[in-house]
Every structure is written in structure tokens, then in C-alpha cells.
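Chain residues, written in single-letter form:
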Amino acid sequence: MIDNTKISKFAISVISELQKNDFQAYLVGGCVRDSLAGIEPKDFDIATDATPEQIRKIFKASRIIGRRFKLVHVFNRAELLEVATFRSGNNKTEDESKLIKDESGKILRDNVWGTLDQDCYRRDFTINALYYCPISKKIEDKNNGLSHIHKKLIVSIGDPQLRFEEDPVRSLRAIRFSNKLGFKIDSQIKNAIYDKGHLLSSISNARLFDEFCKIFLGGMGEKNFNKLCSFNLNKHLVISNPEDSDFSHNIMIQALRNTDDRIKNNQSVTPGFLLAALLWPKLISRCIKNNEINIKKFFRSMDGVLREQQKLTAVPRKFNSYIKDIWVLQLKLHSRIKSQPYKIIRHPRFRAAYDFLLVREKASVDKNGLGKWWTDFQKNDDSLRGSLIARMNEKSDADSSKKFGFYNELR
Ligand code: ATP
Ligand code: MG
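Residues numbered from 1 in each chain as written. Chains lettered and ligands numbered in written order. Predicted model: local features only at pLDDT ≥ 70, side-chain atom pairs only at ≥ 80, totals over all residues. Heavy atoms only, no water.

> Before we move on, could you go through the site of ligand 1 and cite the residues and values that matter?
Near ligand 1 lie 18 residues; those nearest to it are Arg 33, Lys 42, Asp 167, Arg 170 and Arg 176. Here an oxygen atom of ligand 1 and a side-chain polar atom of Asp 45 are 3.3 Å apart. Here a nitrogen atom of ligand 1 sits 3.2 Å away from a polar atom, N or O, in the main chain of Asp 124. When ligand 1 sits alone it has 580 Å² of accessible area, and the protein chains cover 86% of it. Taken together, the elements giving at least two residues each to the shell around ligand 1 come down to helix H2 (30-36), helix H7 (169-181) and helix H9 (205-216). Per element, the largest residue contribution to the shell around ligand 1 is five residues, and it comes from H7. Residues belonging to the shell around ligand 1 are distributed by class as follows: one nonpolar, three polar and 14 charged. When residues of the shell around ligand 1 are assigned to domains, at least three map to each of domain 1 (1-150) and domain 2 (152-230). (Near = heavy atom within 4 Å. Polar contact = N/O pair within 3.5 Å; in protein donor to acceptor, adjacent residues only side chain to side chain. Areas by Shrake-Rupley, 256 points an atom, 1.4 Å probe, with all protein chains shown as cover. Helix = DSSP H or I, 4+ residues; strand = E, 2+ residues; numbered from the N terminus. Nonpolar A, V, L, I, M, F, W, Y, C, P; charged D, E, K, R; others polar. Domains from an automatic or database assignment.)

> Go over the packing of aromatic side chains with me, naming the residues and quoting the values.
This model, assessed by the stated rule, comprises 18 aromatic pairs. Centre to centre, the rings of Trp 280 and Phe 298 are 6.1 Å apart; their planes meet at 75°, and the pair counts as edge-to-face. Residue Trp 280 is found in helix H12 (residues 271-287), and its partner Phe 298 is found in helix H13 (residues 295-312); the two are separated by 18 residues along the sequence. Both residues of the pair, Trp 280 and Phe 298, count as buried. Considering the side-chain rings of Trp 374 and Phe 377, the 5.5 Å spacing of their centres and the 75° angle between planes classify their relative orientation as edge-to-face. In this pair, Trp 374 and Phe 377 are both assigned in helix H17 (residues 370-377), three residues apart and thus about one turn of the helix distant. Exposure remark for Trp 374: the relative accessible area of 0% places this residue in the buried category. Of the residues examined, Phe 377 reaches a relative accessible area of 0% and is grouped as buried. Grouping aromatic residues by their ring pairs yields a cluster made of Tyr 342, Phe 350, Tyr 354, Trp 373, Trp 374 and Phe 377. Between the NZ or CZ atom of Arg 385 and the centre of the ring of Phe 377, over which it lies, the distance is 4.5 Å. (Phe/Tyr/Trp six-rings, centres within 6.5 Å; stacked < 30°, edge-to-face > 60°. Buried < 20%, exposed > 50% of the residue type's maximum accessible area, 1.4 Å probe, protein only. Lys NZ or Arg CZ within 6 Å of the ring centre and 35° of its normal.)

> Run through the packing of H9 against H12, naming residues and quoting values.
H12 packs onto H9 with a crossing angle of 95° between their chain directions and a minimal axis gap of 11 Å. With respect to H12, the element H9 is oriented roughly perpendicular. Counting all contacts with H9, which are made through Phe 209, Phe 212, Cys 213 and Phe 216, the residues of H12 involved are Pro 271, Leu 274, Leu 275 and Leu 278. Here the contact of H9 with H12 is built from residues that sort into eight nonpolar, no polar and no charged. (Axes fitted to C-alpha atoms, helices over the stretch in contact; angles between N-to-C directions. Parallel < 35°, antiparallel > 145°, perpendicular 65-115°, else oblique. Contact = heavy atoms within 4.5 Å.)

> Could you give me a rundown of the domain arrangement of the protein chain, with the residues and numbers involved?
Taken domain by domain, the protein chain comprises domain 1 (1-150), domain 2 (152-230) and domain 3 (238-411). Computed from C-alpha atoms alone, the centre-to-centre distance between domain 2 and domain 3 is 31 Å. With 16 residues of domain 2 at the interface, the matching set in domain 3 holds 24 residues. Taken together, the two surfaces of domain 2 and domain 3 that pack against each other cover about 1500 Å², and 74% of this comes from carbon and sulfur. Counting the surface domain 2 buries against domain 3, the share from its top three residues, Phe 209, Leu 217 and Glu 222, is 40%. Our count for the contact surface shared by domain 2 and domain 3 stands at one salt bridge. A salt bridge links Glu 222 to Arg 257; the nearest nitrogen and oxygen atoms lie 2.7 Å apart. (Buried area = accessible area lost by both parts, 1.4 Å probe. Salt bridge = Lys/Arg side-chain N within 4 Å of Asp/Glu carboxyl O.)

> Which residues make up the pattern of salt bridges, and what are the values?
Per the stated rule, a full pass over the model turns up 25 salt bridges. Arg 123 is the partner of Asp 119 in a salt bridge, and the nearest nitrogen-oxygen pair spans 2.9 Å. Both residues of the pair, Asp 119 and Arg 123, count as buried. Here the salt bridges share partners, and the residues they tie into one network are Lys 101, Arg 163, Glu 166 and Arg 170.

> Break down the sheet that holds strand S2 (residues 45-48) for me, citing the residues and quoting the values.
Hydrogen bonds along the backbone pair up the strands of a sheet, which may run parallel or antiparallel. Ordered in space as S3-S4-S5-S2-S1-S8-S9, the seven strands form an open sheet in which the pairing is mixed. For this open sheet the edge positions go to strand S3 (62-65) and strand S9 (138-141), each flanked by a neighbour on one side alone. Within the sheet, the average angular offset between the axes of one strand and its neighbour, ignoring direction, is 30°. Note that S3 and strand S4 (residues 71-75) share four bridges and pair antiparallel. When the sheet's bridge partners are listed, Ile 64 is paired in S4 with Val 72. (Pairing = 2+ DSSP bridges.)

Written out as C-alpha cells, the structure reads:
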């Protein structure tokens, strides 16, 4: 049923090495699910009854990682595999330091080893609990995962109300998998998302940044955002805007559409671009007065807006300067006289800033032609460039700069 030629040779060799050492070892999770659903698997996770220390001994190129959830990275020059030890998911353990829950039932640490049977029940959804041995070509399926793949249905293992208390991130995962696979979310899970979604506020901002990237930068960003909004979970990943205007919603959609298209075309994507877009309405709402922008306030507000988003998702520092460059360039793009445009176009972030300008225009009702001007200017024809600049006189340039063309963003 699964075509081994689609499976990483390295993953098969690691499994066979574990088995030669008398351990059980299987492919599990996303790669088995995706292969069966007809999607190219993107990474290969392995589950085994060997402990992290035992795995570490077998593979020279390996490293034990994680505290909350200890596992081993086994790598070669081109690939990195996650090898996880079977968990019992059972909190009746003698050593209470290994599985810890907080008062709301959230699992803080899960490092109690178990058997294959037990491991099947601690996973989130039935379609994620399929174990495939590429050597015997057999699939272990204790939770009807195969039948749910055929029915195109996401079903929780155990009562989703409890499972989402243990780990609220599972609600985001259900949404992401349903769009990725085109599967329906079972109604019990839907209820659990409504009832337990609020618990996402207890998840660390580091983990939520990881989920932010998975949910918005995986090629299904727009669909995921719409579904998040329908469950009212978007507020856990994105700071809300003062009056949650249509513009804030539209700019997010346009930026996600741009990101999804880039992924389709195998172009690079960055969370920086999305963050610049989603925080933009908040930034300008802080520095607009009487339809004009207060430049001092604009510069002073940038860090504050970034800090607010930081409370939700731990955005790595390296993205801050990228985001601020894009914002500042939105102002500079209005200077279109003399040698200014030639300077601006050489800025290392010009292309991102121009793409963002187009996103802003798409999200707005009226346009003032700035995006089109820059589209033409990039055509790299000297006489065209000269005439574009000549058309801009000092006064129109100053007018444009004063309002910065914020169209209906101002309202
Ligand atoms: P993808 O890699 O496409 O996002 P995946 O299903 O492989 O999907 P991972 O986060 O790589 O997702 O996790 C691998 C497997 O580990 C999952 O398929 C699931 O069985 C289990 N798992 C991951 N996160 C959780 C969780 N929060 N709760 C329960 N099980 C989980
Ligand atoms: Mg995976």
C-alpha cells in the first residue's frame, strides 16, 4: 500500500539498524499519513522501543534533544530524522518527574517510556497513529486510522475534551491537518476546539511561534487563517487590531495569499513578511491623526508593536530589523524625485517592501497608483525611468509623502 521508493533511504536504513539491534522500529506520524493520503511526505519520524540513550549509542551522528519531550536527532549530511521512544502516556508512574501535568491538566513533561500499544494511544489523532515497517511492509493500526483516512475524517484518540486539556495545541493541529489533507474535522473535535481553545493562552510563546510558522507558511495559510477565525483562535497567534477593521483582515488575507502563491512557485518565504503585514494596521493606527501620519510616532511605535506580538509568539530577533525595514520603506517609496528612486531600488529590502506595497493596495479600496509607478520603474529602461521621475514634481511628491497614500487604511 505504501510505495517504499517514496520513503527516505536514510530512514529505512535507520529502522533496519535499530531492528538489527533487537529493537522495534517504525515510521510513524505525518509521513505514513501523507503517503496513504497520496501526498508527498515531507519528513520522516521514527518510533522505537529503544531509549534515547540506547539510540544515541547505535548512531554516531546523533544527539539527544528536548526536555518536555526527549527524543533523538539522527542525521547524515543531507537529512535529519527524529527518533522518539514509545511513550506510555500514563501518569501512574513511580517517577513523577517524568510525566508532569499542571492544575488545568496540561502535560508539562512526557518522558515515561512505554510499549507500541501504549504509544498508539498517546498520539493526537487516529490518522497520526499509524506505524509502518518498511521492511515487512506491515502497518500497525490500533485506532482505525486507516478507515479514517479513507473516510477523510480527523478523529481524536480518546475524548477530545480531555486530550485538548492535556495539550491545547492539538486544536491548531486539527485545523492545519484538515486543510492540508482536505479532511473533515469530526464534530466532537469541533466542540472541543470551541470549549478548550481558550487554553492556548497558557502555551509558551516559543511553541506558538513554531505553530505560527507551520500554520501560515506551509502553503495553506489563507485557508488556515479563515478556519482559525471561524473558531475564534486567530487571536492566539496574531495580536488583534484596535477596531478590527476590514482592512486588518484583508491585509492578512492578501499577505497570506502572496505567501501561498510563492510556495506554489517554489519561491522562498519568511515569517517576517507576514508579520510586517499583520502588524501594519496596528502600527499606523498609533501614529495617524487627521489623515496624516506623525513620523516621529511612527518610528517610536515600531518596537512597541513588535513587543506586543512577541507576547503571543516568540519571533526570533533576526526578523525585527527585516520587518522595520519594510515598514520604513513604505514611507520612502513615496519619494520619487531626483535620484531618490535609484537609491531606494538598491535597498536590500526593496523587493520585499514593493511586494508589501502591492499587498497593501490589494487590501485597500482606493489605490493611488504608487504600486504601478514602482512596477513601471523597475522595468529598467532609462528613458522610461527618466520620464516617470519627470512626471513627479516637488509638490505632488510632497503631497504624496504627507499622507503616505494610506488610502482607506487611515479610516
Ligand atoms: P507534519 O510534520 O506534517 O506537521 P506530523 O503529524 O508529522 O505532521 P509532527 O509534529 O511532526 O506532526 O509529529 C509527529 C507525530 O507525533 C504526529 O503524527 C503525532 O502522532 C505525534 N504528535 C505530535 N504532536 C503531538 C501532540 N501535540 N499531541 C499528540 N501527539 C502528537
Ligand atoms: Mg512530522
